Amino acid sequence: AQSVAQPEDQVNVAEGNPLTVKCTYSVSGNPYLFWYVQYPNRGLQFLLKYITGDNLVKGSYGFEAEFNKSQTSFHLKKPSALVSDSALYFCAVSELYNFNKFYFGSGTKLNVKP
Amino acid sequence: DTGVSQDPRHKITKRGQNVTFRCDPISEHNRLYWYRQTLGQGPEFLTYFQNEAQLEKSRLLSDRFSAERPKGSFSTLEIQRTEQGDSAMYLCASSLNSGNQETQYFGPGTRLLVL
């Protein structure tokens with residue numbers, strides 16, 4: 001069965017420090033992996049995706065994510081956090097040949113303190 | 001702004017009433033998805049359209065739920081005889097079938113509260 005785990009409900013980081021939001025996945029084939037961000041009372045905004053190729057993917061707003069096949073992980077990172085990055089972050093996975101359905105993790109609340 | 005719009009943004013209804021939500025996808029997108037998101041959880045897949053054809057439905061979509069996309073453009077999601085457990089955010093997303101992996105772009109959602 002396809003699934004995504006985000007082991008941390010909340011991540012706290014000081015502004016200017018690096019941040020990491022963790023995601024691990026389970027799929028029966030090769031995965032397509034996505035990160036989305038959700039601000040209060042808003043829909044999900046696309047940040048970045050991994051399909052194939054370079055394991056380090058760069059996305060919007062300075063975010064990047066590293067695909068690690070052996071650890072089945074796709075952690076979201078940013079070198080220097082901003083207060084405005086505070087939001088809810090979701091990791092999602094879809095299968096290579098069934099990409100019409102996404103499976104989302106339960107979300108991680110990122111708090112960036114000044 | 002992703003370009004996907006949903007109406008209404010909020011809906012309060014009494015148990016047993018019917019409600020209908022509308023989603024307008026990005027204009028050139030031929031795929032449309034409905035998800036449900038409850039508090040503290042990620043979105044859960046409900047159903048998916050390619051053009052006007054409904055190609056997949058989740059087990060979460062009970063017979064009280066029906067979705068349509070009559071002309072392959074906007075879509076409606078109707079819930080009949082609402083129950084308190086239907087209270088959630090209903091999200092719509094769209095994508096372009098390009099033969100490659102597609103990014104789904106989400107609307108702002110419709111928040112439903114069933115009293």
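The structure presented is a predicted model; accordingly, all values stated were derived computationally and were not measured.

**Observations concerning the overall build of chain B**
For step 1, the next point in the chain: Looking only at helices and strands, one finds zero helices and eleven strands in chain B.
For step 2, the next point in the chain: Beginning at the N terminus, the succession of helices and strands in chain B can be written as β-β-β-β-β-β-β-β-β-β-β.
For step 3, the next point in the chain: Taking 2.2 N^0.38 as the reference for a compact globule, 115 residues should give roughly 13 Å; the C-alpha atoms of chain B span a radius of gyration of 13 Å, in line with that estimate.
For step 4, the next point in the chain: Dimensions of chain B along its principal axes, counting C-alpha atoms only, are 40 × 25 × 20 Å.
For step 5, the next point in the chain: Within chain B, the fraction of its 115 residues that count as buried is 48%.
For step 6, the next point in the chain: Taking all contacts inside chain B whose residues are at least 6 apart in sequence as the whole, residues at least 24 apart take part in 54%.
For step 7, the next point in the chain: For chain B, the exposed surface amounts to about 5600 Å²; the carbon and sulfur share of it is 44%.

**Focus: the overall build of chain A**
For step 1, the next point in the chain: Scanning chain A from terminus to terminus reveals zero helices and twelve strands.
For step 2, the next point in the chain: Secondary structure of chain A in N-to-C order comes out as β-β-β-β-β-β-β-β-β-β-β-β.
For step 3, the next point in the chain: The C-alpha atoms of chain A give a radius of gyration of 13 Å, which matches the 13 Å a tight globule of 114 residues would have.
For step 4, the next point in the chain: A separation threshold of at least 6 residues defines the contact pool for chain A, and within that pool the share at least 24 residues apart is 57%.
For step 5, the next point in the chain: Accessible surface, chain A as shown: approximately 5300 Å² in total, 49% of it carbon and sulfur.
For step 6, the next point in the chain: For chain A, the distance from the average position of its 10 positive side-chain charges to the average position of its 8 negative side-chain charges is 4 Å.

**Quick look at the layout of surface pockets**
For step 1, the next point in the chain: Taken as a whole, the largest pocket encloses approximately 530 Å³ of empty space.
For step 2, the next point in the chain: In terms of lining residues, the largest pocket is bounded by 24 residues, among which A:Q38, A:L88, B:Q37, B:L39 and B:G40 are the most central.
For step 3, the next point in the chain: Broken down by secondary-structure element, the contributors of at least two residues to the lining of the largest pocket are β10 (87-95) and β12 (108-113) of chain A together with β9 (88-95) and β11 (110-114) of chain B.
For step 4, the next point in the chain: For the lining of the largest pocket, the element with the highest residue contribution is β10(A), accounting for three residues.
For step 5, the next point in the chain: Residue composition of the lining of the largest pocket, grouped by class: ten nonpolar, ten polar and four charged.

**Structural notes on the pairing of strand β6 (residues 53-57) of chain B**
Residue and element names in this part refer to chain B.
For step 1, the next point in the chain: Pairing geometry for strand β5 (residues 44-50) and β6, over four bridges, is antiparallel. When the sheet's bridge partners are listed, T47 is paired in β6 with K57.
For step 2, the next point in the chain: In this antiparallel pair of consecutive strands, β5 and β6, the connection spans two residues, and N51 shows a positive phi of 55°.

**Overview of the interface of chain A and chain B**
How big an interface is tends to be stated in terms of accessible area lost as the parts join.
For step 1, the next point in the chain: Listed per partner, the contact involves 21 residues of chain A and 24 residues of chain B.
For step 2, the next point in the chain: When the two sides are added together, the surface that chain A and chain B hide from each other amounts to roughly 1900 Å², 52% of it contributed by carbon and sulfur.
For step 3, the next point in the chain: Viewed at the interface, chain B and chain A are joined by one salt bridge.
For step 4, the next point in the chain: On the surface where chain A and chain B come into contact, there are five residue pairs in polar contact (both at pLDDT 80 or more).
For step 5, the next point in the chain: Where the side of chain A that touches chain B is concerned, the elements lending two or more residues are β5 (31-38), β6 (44-50), β10 and β11 (98-104) of chain A.
For step 6, the next point in the chain: Taken together, the residues of the side of chain A that touches chain B break down into ten nonpolar, eight polar and three charged.

**Describing the confidence of the model for chain B**
For step 1, the next point in the chain: Per-residue confidence for chain B averages 92 on the pLDDT scale, and 96% of its residues sit at or above 70.
For step 2, the next point in the chain: Across chain B, strand β3 (residues 19-24) of chain B holds the top mean pLDDT of 98, while β6(B) sits lowest at 90.

**A few points about a nonpolar patch on the surface**
For step 1, the next point in the chain: On the surface, a cluster of nonpolar side chains totalling about 300 Å² of accessible area is made up of B:I12, B:L113 and B:L115.
For step 2, the next point in the chain: You can see B:L113 is positioned in strand β11.

**With respect to the nonpolar core**
Residues and elements named next belong to chain A.
For step 1, the next point in the chain: The biggest cluster of nonpolar side chains holds 27 residues, and the ones touching the most others in it are W35, L47, L48, F74, L76 and Y89.
For step 2, the next point in the chain: Those elements that place two or more of their residues in this core are β2 (10-14), β3 (19-21), β5, β6, β8 (64-68), β9 (73-78), β10 and β12.
For step 3, the next point in the chain: With four residues, the top contributor of residues to this core is β10.
For step 4, the next point in the chain: In this structure, F74 is in contact with C23, L33, F34, W35, L48, K49, Y50, A65, E66 and F67, ignoring residues within four places of it in sequence.

Rules behind the numbers
Residues numbered from 1 in each chain as written. Chains lettered and ligands numbered in written order. Predicted model: local features only at pLDDT ≥ 70, side-chain atom pairs only at ≥ 80, totals over all residues. Heavy atoms only, no water. Helix = DSSP H or I, 4+ residues; strand = E, 2+ residues; numbered from the N terminus. Rg over C-alpha atoms; globule rule 2.2 N^0.38 Å. Buried < 20%, exposed > 50% of the residue type's maximum accessible area, 1.4 Å probe, protein only. Contact = heavy atoms within 4.5 Å. Areas by Shrake-Rupley, 256 points an atom, 1.4 Å probe, with all protein chains shown as cover. Lys, Arg positive; Asp, Glu negative; His and termini not counted. Charge placed at Lys NZ, Arg CZ, Asp CG, Glu CD. 1 Å grid on protein atoms, 1.4 Å probe; cavity = no way out; pocket = protein on both sides within 12 Å on 5 of 7 lines; lining within 4 Å. Points joined across faces, edges and corners; volume = space filled by probe spheres on them. Nonpolar A, V, L, I, M, F, W, Y, C, P; charged D, E, K, R; others polar. Pairing = 2+ DSSP bridges. Buried area = accessible area lost by both parts, 1.4 Å probe. Salt bridge = Lys/Arg side-chain N within 4 Å of Asp/Glu carboxyl O. Polar contact = N/O pair within 3.5 Å; in protein donor to acceptor, adjacent residues only side chain to side chain. pLDDT = per-residue confidence, 0-100. Patch = residues over 30% accessible without salt bridge, like charges linked within 9 Å, V, L, I, M, F, W, Y side chains within 5 Å. Core = buried A, V, L, I, M, F, W, Y, C linked by side-chain atoms within 4.5 Å.

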